[in-house]
Amino acid sequence: MALPPSPANLPHIPEILRIICEHLISEKKSLAALARTCRIFEGPALDMLWFSLDDFYQLAKCLPSNVLREETKDDKITYLVLKHYLLLSDCSRLLHYAKRVRHFTFVNLGRMSPKQVHITVFQGLQVALQGNKLLPNVRHLTWRCKNLNISPYLHMFLGPYLSKIQYTFSPRSPVQLSLVPALCEQYHSLKAVEFLFDDDNASTKSKSQAAELISMFIYKWNSLEYLTVPNATYSALLKLSQLPHLKSLIINQCKFDNVPPTTSKDGFPFLAYLELQQCHAASDCIAVVTLMDCSPLHDMRIAIIEVETSSSWEKIFLSINQHCCHDTLQNIHCWDGSGQDMIPSSARTDMIKYEDIRPLLVFQNIRIINAGFCRGLYLSNPSSIKEMATCWKSIEILIFEHSRSFRGGKSSDISLLDLLPIVEHCSELQMLGLPFHANSLPKLDKNNIPWDNVCATNLTRLFVGNSPIINPALVAATLSAIFPSLEDISTILDDLNDSDGELVQNPIVQTMHKAWKQTEELVKMFSIVRTQERSYTRSH
């Protein structure tokens, strides 16, 4: 159907047309209708309609109907199959839309994908295109393909302007592995590269060998800004530290063998984001952190599979203290997966202590600290709360998760009223999770209330973990005074799953959870009353 002519008085200003279409980028039907409105809108509307493509099946169906057919196999998968050879002229409509694609996602999960493009279509396109790219203007590409026969056709989708690629593959597949060096050699200008493993049956040896292969090439992308790798050798890490533009580094299953001593003081000059996933040991984490002397780190995330002793975290935090810029670091997230079933809460000698986290106090511009220690955090002295509050005045989220350390008994000698320095000094605080006990609150003289005229108005969420409580009404009255905007109180049971059946069925845990949920409802009620009181006082 021919498009209607453009109105003579319609101003043809490409920038305005593009802005109009950008506002409709998530409304595919509206963009399709707009593209059919008139010729002036056709180009900009089609550009937005095909800007992001996550279904190659729909693009392949743009080939002439006389060369394609749909077949449903016994496995109930519908395949788009090529009936006979393709000519370049057969691809004109497909290429008309393909040149507009900027972000492309290709996912083939084998039998989990109900609609698939058959390999004959890939073969026909490769011959018809005669070496030209199917997506000549693509910028971002995500590729996850379990069909090893289709994997070699990845190169058809890699245009000359490609700047970001996420490549998920099996470390056991020589075909998929061979594409890694090809990417490095042919696409030098890539700015963001993400390599992910997708094979639950792959052995540790095959993963290690694949990581070594990746390590041989990743540092050759001189313009790289964002990098995610399953693992890397330490020698590759040293070479990565010299990349002049690297801003973000994510390493999964971080494990190094034979780490030599290093005196490097100029590594990672622009690195702002560091994430170490599934570090095998604290020493692997420290090996990376020691290279950060020159880095303007803003965000650091560390997850360790096995922390040998509670002092391991102290060593990690000391390393962060010594090698990370004290002025730039604002977010710290750290977790470990050790000690869940073998550390009773009474064994306080092996719990994380305040002295272990004290090296982090030097980061006085910190805004987020989110830590999960399976051994639990034990605070014994109220002065530690005051020291944290005075050092971290800009903190917005302060969470030391300790729920899995519950085995009966209290996990802290800090009382609810000992949290008042945080209320006084941390005006930006929005979420708080610290071990404390609310078993008893002193009787207060109305003329001498500790929190008088002091409250944290921005705090909306409180994580109490396994904090004991006896009198919900009295605790709620206190919380509503110091945290007037509090909306949610989370306990240990809110974070547990089916694998934690022992804790879920623990009567002490259930009683504590019920008491805190009563407190949550009472806090909301008391806060309304206090708001009305303040309003009445101001009006009189």
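Here is what the cut-offs are and how they apply
Residues numbered from 1 in each chain as written. Predicted model: local features only at pLDDT ≥ 70, side-chain atom pairs only at ≥ 80, totals over all residues. Heavy atoms only, no water. Axes fitted to C-alpha atoms, helices over the stretch in contact; angles between N-to-C directions. Helix = DSSP H or I, 4+ residues; strand = E, 2+ residues; numbered from the N terminus. Parallel < 35°, antiparallel > 145°, perpendicular 65-115°, else oblique. Left-handed = near helix turned anticlockwise from the far one by under 90°. Contact = heavy atoms within 4.5 Å. Buried < 20%, exposed > 50% of the residue type's maximum accessible area, 1.4 Å probe, protein only. Pairing = 2+ DSSP bridges. Salt bridge = Lys/Arg side-chain N within 4 Å of Asp/Glu carboxyl O. Patch = residues over 30% accessible without salt bridge, like charges linked within 9 Å, V, L, I, M, F, W, Y side chains within 5 Å. Areas by Shrake-Rupley, 256 points an atom, 1.4 Å probe, with all protein chains shown as cover. Disulfide = S-S within 2.5 Å. Phe/Tyr/Trp six-rings, centres within 6.5 Å; stacked < 30°, edge-to-face > 60°.

Peer 1: Mind showing me how you'd approach the packing of helix α1 (residues 14–22) against helix α3 (residues 39–49) here?
Peer 2: To describe two helices that pack against each other, one gives the angle between their axes and the distance between the axes. Between α1 and α3, the least distance of the axes is 9 Å, while the angle of their chain directions is 45°. With respect to each other, α1 and α3 are oriented oblique. Every pair of crossing elements has a handedness; the one defined by α1 and α3 is right-handed. Note on element contacts: α3 touches α1 through Ile-40, Phe-41, Pro-44, Ala-45 and Met-48, opposite Leu-17, Ile-20, Cys-21 and Glu-22.

Peer 1: Even after reading the chapter, I still don't get the pairing of strand β3 (residues 78–82), so can you show me in this structure?
Peer 2: Two faces, one strand: in a regular strand the side chains alternate between the faces of the sheet. Taken across its five residues, β3 has five buried, putting it largely inside the fold. Across five bridges, strand β2 (residues 68–72) lies against β3 in antiparallel orientation. Pairing of Glu-70 across the sheet is with Leu-80, part of β3. Pairing between β3 and strand β5 (residues 115–117): three bridges, direction parallel. Directly across from Tyr-79, in β5, lies its bridge partner Gln-116.

Peer 1: Just checking my understanding: could you explain the environment of Val-362 for this structure?
Peer 2: Inspection of the secondary structure assignment puts Val-362 in the loop between α13 (354–357) and β15 (368–372). The sequence separation of Val-362 and Trp-392 amounts to 30 residues, and the corresponding C-alpha distance is 8.9 Å. Discounting chain neighbours no more than four positions away, the residues touching Val-362 are Asn-321 and His-326.

Peer 1: It is not clear to me how the pattern of salt bridges should be interpreted in this structure. Could you clarify?
Peer 2: Pairing between side chains becomes possible if they bear opposite charge and their charged atoms approach one another. A full pass over the atoms with the stated rule returns 11 salt bridges. The shortest N-O distance in the salt bridge between Lys-247 and Glu-225 comes to 3.7 Å. One end of the pair, Lys-247, is in the loop between α10 (234–240) and β10 (248–252); the other, Glu-225, is in the loop between α9 (204–215) and β9 (226–229), with 22 residues separating them in the sequence. Residue Lys-247 is classed as partly exposed on the basis of its relative accessible area of 37%. Assessed through its relative accessible area of 16%, Glu-225 is described here as buried.

Peer 1: How should a nonpolar patch on the surface be read in this particular structure?
Peer 2: On the surface, Ile-13, Ile-16 and Ile-20 cluster together into a nonpolar patch covering about 230 Å² of accessible area. Secondary-structure assignment places Ile-20 in helix α1.

Peer 1: How should the sheet that holds β3 be read in this particular structure?
Peer 2: Hydrogen bonds between backbone atoms are what pair the strands of a sheet, whose relative direction is either parallel or antiparallel. The three strands lie next to each other as β2-β3-β5, forming an open sheet whose pairing is mixed. Bordering the open sheet on either side are β2 and β5, each of which pairs with just one other strand. Pairs of neighbouring strands in the sheet enclose a mean axial angle of 25°, with direction left out of account. Each of β2, β3 and β5 is contacted by helix α6 (residues 119–129), which is oriented at about 30° to β3, the strand it contacts most.

Peer 1: Looking at this model, I keep getting lost on the state of the cysteines. Mind explaining?
Peer 2: A complete count under the given rule lists zero disulfides for this structure. Of the cysteine sulfurs around Cys-254, a residue in no disulfide, the closest is that of Cys-279, at 4.2 Å. The buried category is assigned to Cys-254, whose relative accessible area is 0%.

Peer 1: I tried to follow the environment of Lys-29 on my own but got confused; where do I start?
Peer 2: With respect to the helices and strands, the residue Lys-29 is situated in helix α2 (residues 28–35). Judged by its relative accessible area of 76%, Lys-29 is exposed. Separated by 20 residues in the primary sequence, Lys-29 and Leu-49 place their C-alpha atoms 8.8 Å from one another.

Peer 1: Would you take a moment to explain helix α8 (residues 179–186) for this structure?
Peer 2: The α-helix winds at 3.6 residues per turn, so residues separated by three or four positions along the chain end up facing the same way. The complete set of buried residues in α8 reads Leu-179, Val-180, Pro-181, Leu-183 and Cys-184. The elements touched by buried residues of α8 are β7 (164–169), α7 (174–177), β8 (192–197) and α9.

Peer 1: Can you walk me through the packing of aromatic side chains in this structure?
Peer 2: Each aromatic ring pair is described using two quantities: the centre-to-centre distance and the angle formed by the ring planes. Evaluated as defined, the whole model comprises 24 aromatic pairs. Ring centres of Tyr-167 and Phe-169 lie 4.9 Å apart, and the angle between their planes is 20°; this geometry places the pair in the stacked category. With relative accessibility at 1%, the residue Phe-169 sits in the buried group. Arranged with centres 5.5 Å apart and planes meeting at 90°, the rings of Phe-169 and Phe-197 form a pair that is edge-to-face. Separated by 28 residues along the polypeptide, Phe-169 in strand β7 and Phe-197 in strand β8 bring together distant segments of the chain. Here a set of aromatic residues connected by ring pairs shows up, and it is made of Phe-56, Phe-104, Phe-106, Phe-122, Trp-143, Tyr-153 and Phe-157.

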